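Listed below are the residues making up each chain.
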Amino acid sequence: MTIGFVAIVAITLLLLFYSGMLFDPALVRRQFAPANLRDLGRLALANYLLIPLLTLGIVRVFDFSPVLNLVLVAMAMLPCAAIVPPFVSMVGEAPERSLFVFIAMSLLNIAATPILMALLSLPWVVGDAIDPRGGEIAALCKYVAAVFVPMGLGAALRIFAPRHCAIWQPRLQRALPWLLPLSALLFVFTYADHILMLGWRDFEALLVFEAACIAVGMALARRMPAQRVATILICALRNTAMGLAFVLVAYPQTA
């Protein structure tokens, strides 16, 4: 238990709690128009089918290590980071669509986790090189609990104590841009020796993966010019908070 590990776990829980605070039943109801659902369908196909297939192709062709494959495939199956709606609002686009997509994809991410576990079990992805702690079913249940408890607490605060939520949500939104780099610095400081052991091949893999995500987002954005930035960010910024929760709970022995 190091300060870097504690910082990463704390910021992950805080991001998940903040994500839950974004849940607005009225906003969700307004987004159920046919055009919005078709838009969500296109984004879901791109992020849960096209990007994972591209990632599996990258993994298959370049023959990375099992740990790197775990990172790439987990990120491929967990789209739309919690910071997408705030970023979208900063550039002047209406944040309602990105909020709805984030809420929907947070739920879809949980539903897609069994598929993620199945993909990781492929012999040329992770196989038996890294076994999930306690077996796949136990690891999956722990992951769902680890994600839904903080997100559920945030959503409960939004629904049952809206006045308190209205006070704390903007405070957290202002604090997160400072807390995110601080936690990253603490993590890098604590695990500097491990990070320096990463080779250029690892960074090249992450660069190729991110380039593929951005390319898919830019292709989709051509159909939605009014929400161009939101569409690209939904595809490009993967849900690292849920990815960290998944790895910390399901594969805690991973480097």
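Residues numbered from 1 in each chain as written. Predicted model: local features only at pLDDT ≥ 70, side-chain atom pairs only at ≥ 80, totals over all residues. Heavy atoms only, no water.

Some remarks on the layout of surface pockets
So, point 1. In this structure, the largest pocket spans a volume of roughly 2,000 Å³.
So, point 2. The set of elements that each furnish at least two residues to the lining of the largest pocket consists of α1 (3–21), α4 (66–76), α8 (162–190), α9 (192–196), α10 (200–221) and α12 (240–250).
So, point 3. For the lining of the largest pocket, the element with the highest residue contribution is α4, accounting for 7 residues.
So, point 4. Tallied by class, residues from the lining of the largest pocket come to 35 nonpolar, 9 polar and 3 charged.
So, point 5. Computed from the structure, the second largest pocket encloses a volume of approximately 150 Å³.
So, point 6. Every residue along the wall of the second largest pocket is listed here: S19, G20, F23, F102, I103, S106, L107, F148, M151, G152 and A155.
So, point 7. Broken down by secondary-structure element, the contributors of at least two residues to the lining of the second largest pocket are α1, α6 (96–120) and α7 (136–160). (1 Å grid on protein atoms, 1.4 Å probe; cavity = no way out; pocket = protein on both sides within 12 Å on 5 of 7 lines; lining within 4 Å. Points joined across faces, edges and corners; volume = space filled by probe spheres on them. Helix = DSSP H or I, 4+ residues; strand = E, 2+ residues; numbered from the N terminus. Nonpolar A, V, L, I, M, F, W, Y, C, P; charged D, E, K, R; others polar.)

A look at the side chain of T231
So, point 1. By secondary structure assignment, the location of T231 is in helix α11 (residues 228–236).
So, point 2. Under the relative-accessibility criterion, T231 is labelled buried at 0%.
So, point 3. Only 3.1 Å separates the side chain of T231 from the side chain of R97, close enough to count as a polar contact.
So, point 4. Among all residues touching T231, those that are not within four sequence positions of it are L43, R97, G217, L220, A221 and M224. (Buried < 20%, exposed > 50% of the residue type's maximum accessible area, 1.4 Å probe, protein only. Polar contact = N/O pair within 3.5 Å; in protein donor to acceptor, adjacent residues only side chain to side chain. Contact = heavy atoms within 4.5 Å.)

Focus: the side chain of Q227
So, point 1. Structurally, Q227 is set in the loop between α10 and α11.
So, point 2. The exposure class of Q227 is buried, given its relative accessible area of 13%.
So, point 3. Excluding its chain neighbours within four sequence positions, the residues that come into contact with Q227 are E93, A94 and R97.

Description of the packing of α6 against α11
Helix-helix packing is described using two parameters, namely the angle between the two axes and the distance between the axes.
So, point 1. Relative to each other, α6 and α11 sit at 20°, their axes nearing to 10 Å. Taken together, the axis directions place α6 and α11 in an arrangement best described as roughly parallel. Where α6 crosses over α11, the two elements pack in a sense that is right-handed. Side by side, α6 and α11 meet where R97, S98, V101 and M105 of the first sit next to A230, T231 and I234 of the second.
So, point 2. For the contact of α6 with α11, the per-class residue count stands at 4 nonpolar, 2 polar and 1 charged. (Axes fitted to C-alpha atoms, helices over the stretch in contact; angles between N-to-C directions. Parallel < 35°, antiparallel > 145°, perpendicular 65-115°, else oblique. Left-handed = near helix turned anticlockwise from the far one by under 90°.)

Focus on the packing of aromatic side chains
So, point 1. Counted according to the given criterion, the structure contains 5 aromatic pairs.
So, point 2. Ring geometry for F32 and F100: centres 5.7 Å apart, planes at 75°, overall edge-to-face. Here F32, found in the loop between α2 (25–30) and α3 (34–62), pairs with F100, found in helix α6; they are 68 residues apart in sequence, far enough to count as distant.
So, point 3. Ring geometry for F62 versus F64: centroids 5.6 Å apart, planes at 10°, classification stacked.
So, point 4. In this arrangement the basic side chain of R60 is found over the ring face of W124, its NZ or CZ atom lying 4.7 Å from the centre.
So, point 5. Geometry around W168 places R171 over its ring, the cationic atom sitting 4.9 Å from the centre. (Phe/Tyr/Trp six-rings, centres within 6.5 Å; stacked < 30°, edge-to-face > 60°. Lys NZ or Arg CZ within 6 Å of the ring centre and 35° of its normal.)

Brief notes about the environment of A211
So, point 1. When you line up the elements, A211 lands in helix α10.
So, point 2. Relative accessible area serves as the criterion here: at 42%, A211 is assigned to the partly exposed category.

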